[in-house]
Every structure is written in structure tokens, then in C-alpha cells.
Amino acid sequence: MIRRSMRNWLPLGLAAALTITPPTLALAEAEPADWEAVLAEAEGQTVYWNAWGGAENVNAFIDWIGDLAQDEYGVTLEHVKLSDTAEAVSRVLAEKTAGKDAGGAIDLIWINGENFAAMKRQGLLFGPWSEDLPNWQLTDPSANAALTADFTVPTEGLESPWGMAQLVFYHDTTRLPEPPRSMAALADWAAQNPGRFTYPQPPDFLGSTFLKQALIEVTPDAAALSQPVDEADYAAATAPLWDWLDALTPNLWRQGKAYPQNAQRMIQLMADSEIDIGFEFNPNAASNAIANFQLPDTVRSFVLEGGSLGNASFVAIPYNANAKAGAMVIANLLLSPQAQARMASPDELGFGTVLAMGRLSDDQVRLFDEIPVGIATLTPEELGPTLPEPHPSWMEKLEEDWTARYGVAP
Amino acid sequence: MALSLTRAAPALTLLALLGPVTAGLAGTLAPAFGLMPALGGTEVSLEPFRALFGWPGLPRAVGLSLFTGLAATLVSLALTVLICAGWQGTRAFTALERALSPLLSVPHAAAAFGLAFLIAPSGWIARLLAMPLGWDRPPDILILQDPFGLSLIAGLVVKEMPFLLLMTLAALPALRPAQSLATAQALGYGRVTAWFKVILPRLYPQIRLPVYAVLAFSVSVVDVAMILGPGTPPPLAVQVLKWMNDPDLAMRFRAAAGALLLLALTVAGLLLWRGGEIALSRLSARWLTAGGRGHGEGPLRALGLGFGALSAALVLLGLIGLAIWSVAGLWRFPEMLPQGWTLRSWMRHGPEMLALFGRTLLIAAMSSGIAMILTTACLEAEQRHGLRPGTRALWLLYLPLLVPQIAFLPGLQVAGLLSGLDGTLAAVIAVHVVFVLPYAFLSLSDPYRALDPRYAAVAHALGRGPSATFWRVRLPLLLRPCLTAAAVSAAVSVGQYLPTLFIGGGRVPTLTTEALALASGGDRRIIGVTALAQTGAAFLPFALALLIPALAWRNRRGMRHG
């Protein structure tokens, strides 16, 4: 509808250009399962990887992957730096609206969670392909459910994992030697130290993660959270959360009248001594911030007792991508032991690897054994268990209710 | 030949913009009424509006947008007028003008970041107090993100006041204020009173469009509001952006409805302002002619100069703060200066941004050049052929300013894709023209129309045709406003983020797309680097706009304003 009406309104010149533009021919695309053919097709392709550009170390890592891809497979990688993944989603949506079903501008997107769920639901993704990648064999989805269920949404081969992340808190040991290690203790601590804790404003991803983490701890029956929200007793499940938040909010930074917008703002508040506890969805966040001079080297990480939420970062290919073969080569490269070991190093990204050590050769395992430990990074043992995400419908409902309770009444 | 060209100019300009503007509007209107086939919206429905009005934060968000927009515009205009009235022609005025004009090239977000670092409870001013007061932790008080948007208003004023001042300075010479003021003062009117009575009534109509632009911008501003404005709830424009960027794609319908509401709000703000104009002109009519010579002008003059200087100082100090951050190592509260210094941020990002400098300036030069040609051609058409009806339709030009970019762009992006130009340098230049042209037009049209027609009449009487009159009389007389308009246009082009990204498809990176992506990491060191680089790129055209008239008129005393 919109397409037709828009064409009618377009000036003649534009319409003429439209009819002259030759239809993009759908090239014979290599089957993901035929890897030799994929490699052959990928050679000489340019892959436009749309990824958030706000992290120094991620940008450097993507550059490094690009050099590797050029050397080993003749694939050119261009990092299109975004300030928000939604910009890439908008792009694919506009291409679909304009009927550009092939030759799209985006070949690969760094994606996960809600963005993936939305693009999958709207049929904006190419695939299945990810489980045909040769290096997929090095992972063990049966031991790591996060590889095939992104926020509980089955990935079904539409996205390929490349790094594990987990909710980790950090504190400055000079100001706060012993941080609280449960949500209940956190509220008590905040009552004694008003104004020294806050969380990003939901629906910011990290703020919502914080709500979910608290919900898992305080709800009477955590198992109910894996069901869609309308099949559970939402009121009963969330009542303890709202009680807990009602008690916490007056003791928050600015008495809860303002919130930082995102994780980056929270690190800044920590650096400015405005708060004493921060958190990030990245076990290496504190070490990264120390390396970037953002935080002093007295900052350390900690996790809450009973485990913390965790999930994987993925890459996906839009349904109309121009260089699908090249994109698959990049995704496979991201899964290679060489790239995974580099990514896992605290000097680079410090994300957890998605590979299963049991499926690697001794030489490959050694790459991981040699990884240094970051100054403020916890070891896998210290990180503790990863909690499963609630069904995504919970997050939507929580965000809505949080906004009604705390987000619109200063 | 030239004649027919100018005759066709308004139509040509409209045609060039019609596609993008209607496409952009359609991209907002259709989803607001439930139409977006790519998301399964195939039937007209009012559901998006129902969802919008069901959002509990709406009344407050709407109130905030309107209040901050009107207040920022009012304060900016009042300060501009007070500064000019109290100090025009003095040495202090020249100094203030020199201090304020470069501030135009500071991107809004950079100025806001700088201001935030000054006034935050952990900012520079608080750090100055921390030592004597013995704070080791900043006080927990709500200065930034305050619920009434006062710091947001301050952030807007420090940027909009220099803009209005520049527009005023460009418009003034054509009014020949020195003579009028001398006459009024000879009759015993005080300096400020004389200015208000004999200059302002003639000046205001000439800067009306820039004032409207400031109002529209302030009501719908996003980046400054995200840094300084409240968040519980945020102003409507920020909320629309949040819905637009929400991973839940169904939110885009609500975002489109919100964008339309924001458009209505902007129009309502403009109508309110217009109402205020009429009321004020009625109320002041008696005062203007009652013959009061004015007294007690001292406090008014002090107010104007004081706040003008404060505003310049805030932005400059903020910039200095960002510059220090760009070379800072660890820098914590309550330290006035960093513990260590490092060039790392510049070494990492300097080269990549330098590489994009050329393309950014090329796009700025091309788009502002096209915009200036179209604008002067339209205005010439008006002068030569009295093509008012054609130019009246040019209000369409201002639509890109009135509709929030984030909602306007998806439609524009679709148009770009349909045209097959998408992802090319040409397409990026074309879309910049869409956003640059309104500024070129509103900067130039009033001074152009206000030029004394007797100059042209004399030229005609001396036997010169319309072309010679344009090139040898009108253009030289209007050199300063023309260059100002070009500089404003170029700066607007340099600042375009979403249009460049959306139409460029990631194939045409510029300084700004790079800078904003890097700055989204929130590290003040990187924000410092990117802000300075962007300021540098936007400063160049402004420097030229100041330098060229100074050179051209070095021996034409009457052409220097004042």
C-alpha cells in the first residue's frame, strides 16, 4: 500500500529513474551446506558489517577480523559503525518497503535478544545457515543452551553466536570494600548509603536486565518465568519485585527522579564518584574501563550469589544481503579458535568464548590457556552459574509497568 | 535565458524537494495510521494513536516539549535583542560578537556535553567548591535532567542565542541602524529605548523566520535533550526516538503517531508564538509612540552583556573541558585536572577522522552551494517577476525542519532506494540539500527582501539589465548575509547524522557518522576528540563568512555593519 501510494507521489523524474533501473538479478547463491562453493563465491566480495561503533576494543577487533578475512579468504570487511543497532533494522525495513529484496546494503548485523526476535518475526533474516558453518562443530549447543536460544527465542540457524556475556557488577574497593551480594542486601546497603546506587532507565537493555535479575531473586517461583507472561500469574510473580523497588527507589541516586540512560552513562557516574556500584552486561567491562583510564585500577568485579543472567552475542544476515557468502565466511571466522581466543582475552574484548573446549584439539585449547586474566575480570569459576533469561514477553511487560510506576512521575 | 531560469526557479526548487518531502511525510503519515506493509500493517487504523494516548507519560512529555521549546526561544531572543540594543557599536559588542560567532560551529551535542561537565554536581564548578567544602563525594542534587528541563533550556539558549545574533547581524546593515539611532538619540531617547523603538519593529520581521526555526528546533530537539533533559518522562521528541529505536518493531507505529503529534505540537508552539507577537505589538503600540525617552537602562544593559558573556563563557569553558578530556588519563572527582595525560584518544581516532574531513567538506560545499543557488534564484525570481504565488508554496521547504528527523527519514530512505541513487555520494548530497535548504532560505530571504529596492531602480535607470543588477549591485550589497547563509548551511550539512547514515547506507561515511558512532560509547575522552573534530569542520565555513566580507569591504566603511 505505502509503496504504491508513494510511487504515485514521487515526481516524474524519480519514477522514470525507477523504471530504468534494471531489476537486480538474484545471483545463484551458494548453499550454506556446500562450504567450498560458499568460499568460492565469497572471494572478492565486500561484506558490510553493521555493528555498534561505541566500543574502542570492539572496533579494533572487527578491524583485525577484516585483515584476517582479506588474507585468508579474499573477503573485504567494512565495519559500518552505528550508534544504535536499530539503525540497521530500520535500513532493512526500508529496503523491504521499497521492494529491494536483493542487493541490500547490509550483509551482517551484530544482533541479539529483542532485535533478533523482531527481525525473525518479520521475516527479515536470511537462513537457516549458521549450523552449516564448519566451525559450528566446535561448539556444543547441548551444553550451552544460549547458543541456540536467544532470550529463549530459538535461533533456528538464523544467527551465529560469537561471544558470551554475563551480568557483572563492579565497585571501587577504596570506597566500598565489601559490596552487597544479593538484591536484598543491595536494598539494605542503599538504605544505609542513600544516593549511591542507580540503574539504567528501562527499557534500556541493561536496565531491563537488572529488573529481570532482581525478579528472578525475589519471585516466589522462578520456573514460572520461562512461560509466556500471559500463561503465568504475573501479578503474583512480580508483586515482590515492586515491593522491593518501592523500598529501593527513594534511596537511589537522585531519589529515583532521574536515571542514567545506559551502561555508558553509568560508568561515567562511577568515574565521577556519583555512585559506588555499577554493572555491565560484559564480564570484562571493569578491566576495559581501567585500560581506557575511565576507572581507577582499584575497581573490581563481583557477581550476585545464586548466579547472574547471561546470553550470547550473535551475527545475523539480512534476507536481502548482497554478500551472503562473504558474510558466512566472516561468521565462520568469528567462530575460529584463533579469533575466539583473541576475543576472550581481556586485552581485546574479554567476552566468554562460545566454543566447547572438549571439541578442540590440544593446540587449540592451548590458545585459551594462554589468555591472561584481566585485572578486574573474574575467572569463569568466580563468575558462577548463568541464569536462563525469562521468556521475552516478561521483559516487555516489566518495562511497561516500570515506566508507569517510576518512569513518568518525577 | 537567465530570465527564464529565474522564472522557473521556484518550481524547480519545489520539484527538487517534492519527492523527498512527500516521501518523508508519507513515511510518517502512513504508519501513524497503521499502514506499513513491511511490518504487516495493511489496514488503516487509529490503533497507533490509541497506543500513544494510552502512554502514561504523554501529558508531561508534551508539556515539557512545549515549555522548554518556548522558554529557550524566548530567552535566546530576549538576550539577542538586549545585547544588540544595549551594546551595538561599542567595543564590548565587537568583543562579544567575536566570542559568540565561533560558537555556532560547535555541534549542539558537544556544547551540551561541555555544559553538562560544567554544571553537574560532579562537574568543574562543583569541583572548584569541593576542595574548600571538603566534599569527597559530589552532592546528590538534581541539576542535570531536572524535571522542569531548566538545564535543557540553558543548553539550548547557549547555542541558539549566537544563531539569532548572527542572523540579526546579517539583517541589520540593510536597515542602516546607525542613522536611525543617531536621530533618535539626538531627540533624547536612551540607547536601549531608541533601539527598541526605531530598530526592533523593523528588525523583527526580518529575523522572524530564524526565530521560528529556533522554536521548531527547540521543541523537537533530541540530542541536547538526551544529555541535559529530564528522562522521567523525557520530552516527546526523545520518546519518539526511543520508540523508533525500540527492538519491538510494532512500536514504530506508535513512534509515527508520536511524530505527528510532535509536528502538531511544533505548529501549536508556532501559533502560540505568533499570538504572542500580535499581542505584544498591540500592547506596545502606544508605548512606541508615547514619546517616553527611557531611563534606568543600566540594569538592562548589564543584564544583556552579563548573560551574553556568561553564555559565551559556558560554551567556551565546556569546549576547553572537552579538549582536556580528549587528552586526559584517569580524571576523577574532585580533581580539577586529570591525574595523567595521554594522546592515545587522538592517536586512535585522529587519523580516521582526518581521512573523512575531505568528504565531509565536499558534501557540505556541494549541498550548501546547491541550496544557495536555488535560494538566490527563488529570491531573484520574486524580485524580478513578482513570483510571490510560486514562492508562497515554498513553505513546503520548512517541512523538514518541522517534522522530527527520525520519523521523516524512513520514508526518505524508501524514496532513495526507489530512485536507485541510494548509497551514492550524489544521494547523500541530495538529501543534505533537503535539510540544508530551509536554513539557507530562512537565513537569506528576509535580508534579501528587505534590501532597498531603490538600488535596483537606480541600476536600471543607469541602463543595466536584471543580470548586471544582480551580479554588480544586489549580490555585493548582500555579500554578508549570503555568506552567513552559506556558512549556516554548510554547518548544518556537516552536522547531519541520520540522513547521511540512512541514505548513504553505510557506504558514504562522514566525520559526523564516525564521530557519533564512536561517541555512543559515552567516554568523555572520545567525545572530546569527536566534538573538536566536528567543531573544526563546521568552523571553516564560518571563518570564511567572517573573513571574506572583512577583506572585500576593507575600504568600504559603510558596508561594515553597525
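Residues numbered from 1 in each chain as written. Chains lettered and ligands numbered in written order. Predicted model: local features only at pLDDT ≥ 70, side-chain atom pairs only at ≥ 80, totals over all residues.

Undergrad: Outline the overall build of chain B, listing residues and values.
TA: Scanning chain B from N- to C-terminus turns up 24 helices and 2 strands. Against the globule reference of 24 Å for 562 residues, chain B gives a C-alpha radius of gyration of 24 Å, in line with a compact fold. Counting only C-alpha atoms, chain B reaches 65 × 65 × 50 Å along its principal axes. In chain B, which comprises 562 residues, the share counted as buried stands at 56%. Taking all contacts inside chain B whose residues are at least 6 apart in sequence as the whole, residues at least 24 apart take part in 80%. (Helix = DSSP H or I, 4+ residues; strand = E, 2+ residues; numbered from the N terminus. Rg over C-alpha atoms; globule rule 2.2 N^0.38 Å. Buried ≥ 20, exposed ≤ 12 C-beta atoms within 10 Å, placed from the backbone. Contact = placed C-beta atoms within 7 Å.)

Undergrad: Tell me about the overall build of chain A, residues and numbers included.
TA: Within chain A, the secondary structure is distributed over 16 helices and 11 strands. Relative to the compact-globule value of 22 Å for 410 residues, chain A shows a C-alpha radius of gyration of 23 Å, a close match. For chain A, the spread of C-alpha atoms along the three principal axes comes to 70 × 60 × 40 Å. By sequence separation, contacts in chain A at least 24 residues apart represent 82% of the contacts at least 6 residues apart.

Undergrad: Can you tell me about the pairing of strand E8 (residues 277-280) of chain A, naming the residues and giving the values?
TA: Residue and element names in this part refer to chain A. Residues Ile277 and Phe279 of E8 are buried on one face, and the alternating residues Gly278 and Glu280, pointing to the opposite face, are buried as well. Note: strand E7 (residues 168-172) against E8, 4 bridges, orientation antiparallel. What sits directly across from Val168, in E8, is Glu280. (Pairing = 2+ DSSP bridges.)

Undergrad: Tell me what's going on with the interface of chain B and chain A, and back it up with residues and numbers.
TA: Residue-level contacts link 62 residues of chain B with 70 residues of chain A. Contributing elements (two or more residues each) for the side of chain B that touches chain A: helix H1 (2-32), strand E1 (35-36), helix H17 (405-419), helix H22 (498-504) and helix H23 (511-519) of chain B. Of the residues that constitute the side of chain B that touches chain A, the class distribution is 32 nonpolar, 19 polar and 11 charged. (Nonpolar A, V, L, I, M, F, W, Y, C, P; charged D, E, K, R; others polar.)

Undergrad: Outline the domain arrangement of chain A, listing residues and values.
TA: Residue and element names in this part refer to chain A. As assigned here, chain A comprises domain 1 (28-164 + 312-376) and domain 2 (168-302 + 386-407). In this structure, domain 1 and domain 2 have C-alpha centres spaced 29 Å apart. Between domain 1 and domain 2, the contact holds 16 residues from the first and 18 residues from the second. Of all elements in the fold, only helix H4 (56-73) and helix H6 (114-121) reach the threshold of two or more residues within the side of domain 1 that touches domain 2. Residues of the side of domain 1 that touches domain 2, tallied by class, amount to 8 nonpolar, 6 polar and 2 charged. (Domains from an automatic or database assignment.)

Undergrad: So what about the domain arrangement of chain B? Which residues, and what values?
TA: All names here are of chain B. Entries for chain B in the domain assignment read domain 1 (1-30 + 370-508) and domain 2 (53-232 + 282-344 + 510-562). At the interface, 26 residues of domain 1 touch 30 residues of domain 2. Elements that contribute at least two residues to the side of domain 1 that touches domain 2 include exactly helix H16 (399-402), helix H18 (425-450), helix H21 (479-494) and H22. A total of 10 residues in the side of domain 1 that touches domain 2 trace back to one element, the largest contributor, which is H21.

Undergrad: Lay out the confidence of the model for chain A in plain terms, naming residues and giving numbers.
TA: Per-residue confidence for chain A gives a mean pLDDT of 89, with 93% of residues at or over 70. Low pLDDT (under 50) marks residues 1-27 of chain A, which in the prediction has 41 contacts with non-local residues, meaning those over four places away or in another chain. (pLDDT = per-residue confidence, 0-100.)

Undergrad: Which residues make up the packing of helix H5 (residues 108-119) of chain B against helix H13 (residues 298-326) of chain B, and what values do they have?
TA: Residue and element names in this part refer to chain B. It is the contact of H5 with H13, at a shortest axis distance of 8 Å, that shows an interaxial angle of 90 degrees. With respect to their mutual orientation, H5 and H13 come out roughly perpendicular. Contacts between H5 and H13 pair Ala110, Ala111, Phe113, Gly114, Leu115, Phe117 and Leu118 from the former with Leu314, Val315, Leu317, Gly318, Leu319, Gly321 and Leu322 from the latter. Here the contact of H5 with H13 is composed, by residue class, of 11 nonpolar, 3 polar and no charged. (Axes fitted to C-alpha atoms, helices over the stretch in contact; angles between N-to-C directions. Parallel < 35°, antiparallel > 145°, perpendicular 65-115°, else oblique.)

Undergrad: I'd like a description of the sheet that holds E8(A), backed by residues and values.
TA: All names here are of chain A. Strand order in the open sheet formed by 3 strands is E8-E7-E9, and the pairing between neighbours is antiparallel. Two strands close off the open sheet at either side, each with one partner strand: E8 and strand E9 (299-302). Each adjacent strand pair in this sheet contributes to an overall mean axis angle of 30 degrees, direction not counted. Of the pairings in the sheet, the one linking E7 to E9 comprises 4 bridges and is antiparallel in character.

Undergrad: Report on unusual backbone geometry, specifying residues and quantitative values.
TA: Note that the residue after A:Gly127, namely A:Pro128, is joined by a cis bond; omega there is 10 degrees. With respect to the element layout, A:Pro128 can be found in the loop between H6 and strand E4 (149-150). Omega for the bond connecting A:Pro202 with A:Pro203 falls within 30 degrees of zero, at 10 degrees, which places this linkage in the cis form. The topology assignment puts A:Pro203 in the loop between helix H7 (183-192) and helix H8 (205-218). Phi angles above zero are rare outside glycine, and A:Glu156 is one such case at about 50 degrees. Mapped onto the secondary structure, A:Glu156 falls in the loop between strand E5 (153-154) and strand E6 (159-166). Judged by the 14 C-beta atoms lying within 10 Å of it, A:Glu156 is partly exposed. The phi torsion at B:Gln145 lies on the positive side, around 60 degrees, for a residue other than glycine. Considering the arrangement of structural elements, one finds B:Gln145 in the loop between helix H6 (124-133) and helix H7 (150-171).

Undergrad: Could you give an account of the confidence of the model for chain B, naming the residues involved and the relevant values?
TA: Here chain B averages 88 in pLDDT, while 97% of its residues score no lower than 70. Model confidence for the complex: the whole-complex pTM is 0.89, and ipTM, which rates the interface, is 0.86.

Undergrad: So what's going on with the environment of B:Gly521? Residues and values would help.
TA: Turning to its location among the elements, B:Gly521 is positioned in the loop between H23 and helix H24 (524-552). The exposure class assigned to B:Gly521 is buried, which follows from the 23 C-beta atoms found within 10 Å.

Undergrad: Give me the packing of helix H9 (residues 191-220) of chain B against helix H12 (residues 251-289) of chain B: which residues, what numbers.
TA: Residues and elements named next belong to chain B. Put simply, H9 and H12 touch, their axes get as near as 10 Å, and they point 160 degrees apart. Classified by the angle between their axes, H9 and H12 sit roughly antiparallel to one another. In this structure, the crossing between H9 and H12 has a hand that is right-handed. Across from Lys197, Pro201, Tyr212, Leu215, Ala216, Val219 and Ser220 in H9, the residues of H12 making contact are Leu262, Leu265, Thr266, Gly269, Leu270, Trp273 and Leu288. Of the residues that constitute the contact of H9 with H12, the class distribution is 10 nonpolar, 3 polar and 1 charged. (Left-handed = near helix turned anticlockwise from the far one by under 90°.)

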